[in-house]
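Observations on the three-dimensional arrangement
Listed below, chain by chain, are the residues.
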Amino acid sequence: NVLLVGGNANLPGFAHRVEMELRKLAPTNYDVRVYLPDNPVSYAWEGAKLFASRPGFQEKFSVDRINWESMKSNLMNQQDIWDNIMYKL
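Let us look at the structure shown here.

Criteria and cut-off values
- Residues numbered from 1 in each chain as written.
- Predicted model: local features only at pLDDT ≥ 70, side-chain atom pairs only at ≥ 80, totals over all residues.
- Heavy atoms only, no water.
- Helix = DSSP H or I, 4+ residues; strand = E, 2+ residues; numbered from the N terminus.
- Areas by Shrake-Rupley, 256 points an atom, 1.4 Å probe, with all protein chains shown as cover.
- Salt bridge = Lys/Arg side-chain N within 4 Å of Asp/Glu carboxyl O.
- Buried < 20%, exposed > 50% of the residue type's maximum accessible area, 1.4 Å probe, protein only.
- Core = buried A, V, L, I, M, F, W, Y, C linked by side-chain atoms within 4.5 Å.
- Contact = heavy atoms within 4.5 Å.

The helix and strand inventory of the protein chain stands at five helices and two strands. When the elements of the protein chain are put in sequence order from the N terminus, they spell out β-α-β-α-α-α-α. Per element, the accessible surface of the protein chain, about 7,400 Å² overall, is 55% carbon and sulfur.

Dropping the structure here:
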């Protein structure tokens with residue numbers, strides 16, 4: 001399953017082209033589905049907004065500036081910091 005998001009998804013024939021190209025690459029016994037939402041430009045943002053509004057999101061997925069700066073001073077890069085936050089789950 002492929003969900004097309006972003007401005008390019010609005011190009012005429014784009015969804016059909018992606019589906020045909022994927023079909024060529026996938027084994028014949030695999031279903032290939034390409035979905036184009038009504039508004040692909042904002043679809044990913046809307047999904048992230050819904051996810052972020054879930055109860056407990058702020059407690060689980062946020063870090064305050066003091067902790068962020070502390071992790072940065074310990075030479076952690078941004079990916080390491082987010083991995084650390086996700087690991088707390």
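Turning our eyes to something else, we now look at the pattern of salt bridges. Under the counting rule described, the total for this entry stands at four salt bridges. In this structure, Arg17 and Glu21 form a salt bridge, with 3.6 Å as the shortest nitrogen-oxygen distance. Linking Arg17 with Glu21, this pair stays in helix H1 (residues 14–25), spanning four residues, or about one helical turn. Here Arg17 falls in the exposed class, since its relative accessible area comes to 55%. One salt bridge in this structure joins Arg33 and Asp31, with 3.2 Å as the shortest N-O distance. Salt bridges sharing common partners tie together Arg17, Glu21 and Lys24.

Before going further, it helps to examine the nonpolar core. Counting residues in each nonpolar core, the largest one holds five residues, listed as Trp68, Met71, Met76, Ile81 and Ile85. For this core, the elements supplying multiple residues, two or more each, are helix H4 (65–73) and helix H5 (78–87).

Turning our attention to the environment of Ala15. Counting through the fold element by element, Ala15 comes out in helix H1. Once the C-alpha coordinates of Ala15 and Leu36 are considered, the two residues, 21 residues apart in sequence, prove to be 6.8 Å apart. What Ala15 contacts, discounting residues up to four positions off in sequence, is Leu4, Val34 and Leu36.

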